[in-house]
Amino acid sequence: MTSLLKRKQQRVDALAESAGTSLAADAVRRMLRSPVALIGAFLVLLFLVLAIIAPFIAPKDPYQRYPELLEDLRPDFIPGPMPGFLLGGDELGRDFFSRLLVGAQQSLIVGVGATLIGLVLGMLIGGAAGAFGGWVDSWLMRFTDIMLSIPSLLLAISIAALASRGSQTTVIIAVAVTTVPIFARLLRGAMLAQRHSDHVLAATALGVRRRTVVFRHMLPNSLGPVIVQSTLTLATAIIEAASLSFLGLGDPDPSRAEWGLMLGNSQRYIDVKPELAFYPAIAIIIVALGFTLLGESLREALDPKNRR
Amino acid sequence: MALLEVRDLRVVFQRRGTEPFTAVDGVSFDVDPGQTVGLVGESGCGKSVTSLAIMGLLPSRGNKVTGSVRFEGTDLLTLNDKEMRNRRGRDLGMVFQDPLSSLNPVIPIGLQVTEVLERHRGMSRKAAMVEAADLLGRVGIPDPQRRLSEYPHQLSGGMRQRALIAIALACRPRLLIADEPTTALDVTIQAQILALLKELVRDMGTALIMITHDLGVVAGLCDEVNVLYGGRVVEKAARYPLFADPRHPYTHGLLASIPRLDGARGEKLVPIKGSVADNIPWDHGCAFAPRCPNALAVCREVTPELEAGDVRSLRCHNPVLPGTPAAQEVPA
Ligand SMILES: Nc1ncnc2c1ncn2[C@@H]1O[C@H](COP(=O)(O)OP(=O)(O)OP(=O)(O)O)[C@@H](O)[C@H]1O
Ligand code: SF4
Ligand SMILES: [Mg+2]
């Protein structure tokens, strides 16, 4: 048993070796050896693949109401699994399984969209604060502190509620805004630490231009925590987006297949068919768990303290 | 006129809400081309702060630097940030204590060498790469071509320090400051690095400021030595008189606390009692008085001045007499 594990580790080491021995490869090697990282990566990968191919593998049209499912649909009965309908119907007679699958895609779009926007804006703010320091830093950080002081879901709800009509875009923007101060603070902190690091002092002692110091010596060494945070943020973004839909602040179109919306709409039928709430909820939890496990193990792998 | 003339250099750290702290207190010394000058003293005596002040690398806020640092007649302290950036790496080079943390961990060695060549010698990346391999070879790194694409963590400690020396000397600066360049290395590697520095300084005619707390390093390398205590020079002499005949009680104590190859068998090593933590400022008497075996009543009242003699400058009311054996610990 142990020898098998050892052989596997050696194979993994060899793989990482062939990929060059840069720091990234070093981190990858540690990731490949950690079961938590592997579970997280597996869940994330599964989610990504399903989300991307969902429309092609969905057995039925997720927006169509099927006569077979409508036939027995009554306020106190929603059909369960039957041939052709793996998980039966939903409260409007649509194929529940196909809608769950397509919901993965919606979550991915919102999660990635919000995280990317938050990442870019946050890095601009944090990067400027870290690079310039002084009053630029104090003003930008005062701004992010105000944003951070508002609970993120409350902030997202307020922003989403500002839009006259909810849509997927408003959900993405609302969630993105809540992630901006986190990315900004993180990058700024990492860059400030870099500013006082030995190798930045050494580069300065060589007369290297300020621009080069920032972009070649400070920024690349500050990205680790930001990468980790992006992974973790994907998890919270997906949960927050689902919460907004659940609260009716998303796209009001009831035909849309989206986990948060499905969860919200199934509330009234919780006694009739609890699966309608259970499966979307489980899906959200599993995806969030996957990104969190991956993010946490990334953090560990990138931690310079674990570097050999 | 010497290449570098440091006059009455003073660095005072002042943070809001704290007492001002004088880390360097009126230090003066000269360095000529091809000459090696040592700054010696215990941890916290102001060696690094002195070198950072010369390089203009102290933080922009929270400190005040006075005096003058004339490099070829130009006072470096009056230059603005841009002018200093143009000189650093080109006229003034520096090697730091910890070779691993002084290199950028995420970019290959080659790029860190070519960076300074591109910056100050206007070389293209390609030409700089060729030169970089040459430089690494010259500091004794085997297979330099391959090393160019490697990352700092793939090199051994000694190799890293060689690379840093290559980087610091890439543009042939006329002054090199080495701040404890061997402290982080194994003893055998230390000797190699020192030999390398000695050779390069001789070949290039570079002026070298050697900062160390290790008198062995001083003995092997320095032409002139400044012994610092509490931010002030307490004894300044050429290497031979300093080692053969230390007159300041602190220098005497430092020498007595290191093993000697020619020492009589069974001869005891005598540590200097106390530590720099006992430092009292220089305003009321001698800062070394609490630890000094020669201390007199006057030492605690009158601050000794640095007095220049024929062979040495000395800051002491009651110097050690020539030929005195290592001081024995006096009962408290
Ligand atoms: N940025 C700073 N702000 C405040 N005090 C400082 C600062 N840098 C150094 N000091 C103080 O100045 C004194 C001299 O420090 P310095 O680093 O020059 O010592 P050193 O002689 O190089 O010692 P070591 O052998 O440990 O390197 C120390 O007491 C230190 O606490
Ligand atoms: S001045 Fe006095 S206390 Fe200071 S070193 Fe000389 S003898 Fe010792
Ligand atoms: Mg120091």
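For the structure, check the block above.
Residues numbered from 1 in each chain as written. Chains lettered and ligands numbered in written order. Predicted model: local features only at pLDDT ≥ 70, side-chain atom pairs only at ≥ 80, totals over all residues. Heavy atoms only, no water.

J.: Sorry if this is basic, but what is going on with the sheet that holds strand β11 (residues 307-308) of chain B here?
T.: Hydrogen bonds between backbone groups are what pair the strands of a sheet, and the pairing can be parallel or antiparallel. All names here are of chain B. Read from one edge of the open sheet, 8 strands run β6-β7-β8-β3-β9-β10-β12-β11, paired in mixed fashion. The open sheet has two edge strands, β6 (92-95) and β11, and neither has a second partner. Note: β6 against strand β7 (residues 175-179), 4 bridges, orientation parallel. Among the inter-strand pairings, Met94 is bridged to a residue of β7, identified as Ile177. Helix α1 (residues 47-55) rests against β3 (36-40), β6, β7, β8 (207-212) and β9 (224-229) of the sheet, and its axis sits at about 150 degrees to β6. (Pairing = 2+ DSSP bridges. Helix = DSSP H or I, 4+ residues; strand = E, 2+ residues; numbered from the N terminus. Contact = heavy atoms within 4.5 Å. Axes fitted to C-alpha atoms, helices over the stretch in contact; angles between N-to-C directions.)

J.: Please explain the state of the cysteines as it appears in this structure.
T.: Note: disulfide means a covalent bond formed between the sulfur atoms of two cysteine side chains. If you walk through the whole model with that rule in mind, you get 0 disulfides over all chains. Lacking any disulfide linkage, Cys222 of chain B is separated from the closest cysteine sulfur, that of Cys45 of chain B, by 14 Å. (Disulfide = S-S within 2.5 Å.)

J.: Explain the sheet that holds strand β1 (residues 4-13) of chain B to me, please; I cannot follow it from the model alone.
T.: All names here are of chain B. Spatially, β2-β1-β4-β5 is the arrangement adopted by the 4 strands of the open sheet, whose pairing is antiparallel. Either end of the sheet is taken by a strand with one partner, and the two such strands are β2 (21-31) and β5 (74-75). Relative to strand β4 (residues 63-71), β1 runs antiparallel, the two being bridged by 8 bridges. If you follow Arg7 over to β4, its bridge partner there is Ser68. On the sheet, α1 packs against β1, β2 and β4 and is oriented at approximately 115 degrees with respect to β1.

J.: Could you clarify how one ought to interpret the site of ligand 2 in this entry?
T.: Residues in close proximity to ligand 2 total 13 residues, the closest being Cys286, Cys292, Cys299, Cys316 and His317 of chain B. Residue composition of the shell around ligand 2, by class: 9 nonpolar, 4 polar and no charged. (Near = heavy atom within 4 Å. Nonpolar A, V, L, I, M, F, W, Y, C, P; charged D, E, K, R; others polar.)

J.: When you look at α1 of chain B in this model, what are you seeing that I'm missing?
T.: Note that an α-helix has 3.6 residues per turn; residues three or four places apart therefore point the same way. Residue and element names in this part refer to chain B. In terms of burial, α1 is a largely internal element, 8 of the 9 residues being buried. Of the positions making up α1, those classed as buried are Lys47, Val49, Thr50, Ser51, Leu52, Ala53, Ile54 and Met55. Where α1 terminates, the next one or two residues include Gly56, which has phi positive at roughly 70 degrees. (Buried < 20%, exposed > 50% of the residue type's maximum accessible area, 1.4 Å probe, protein only.)

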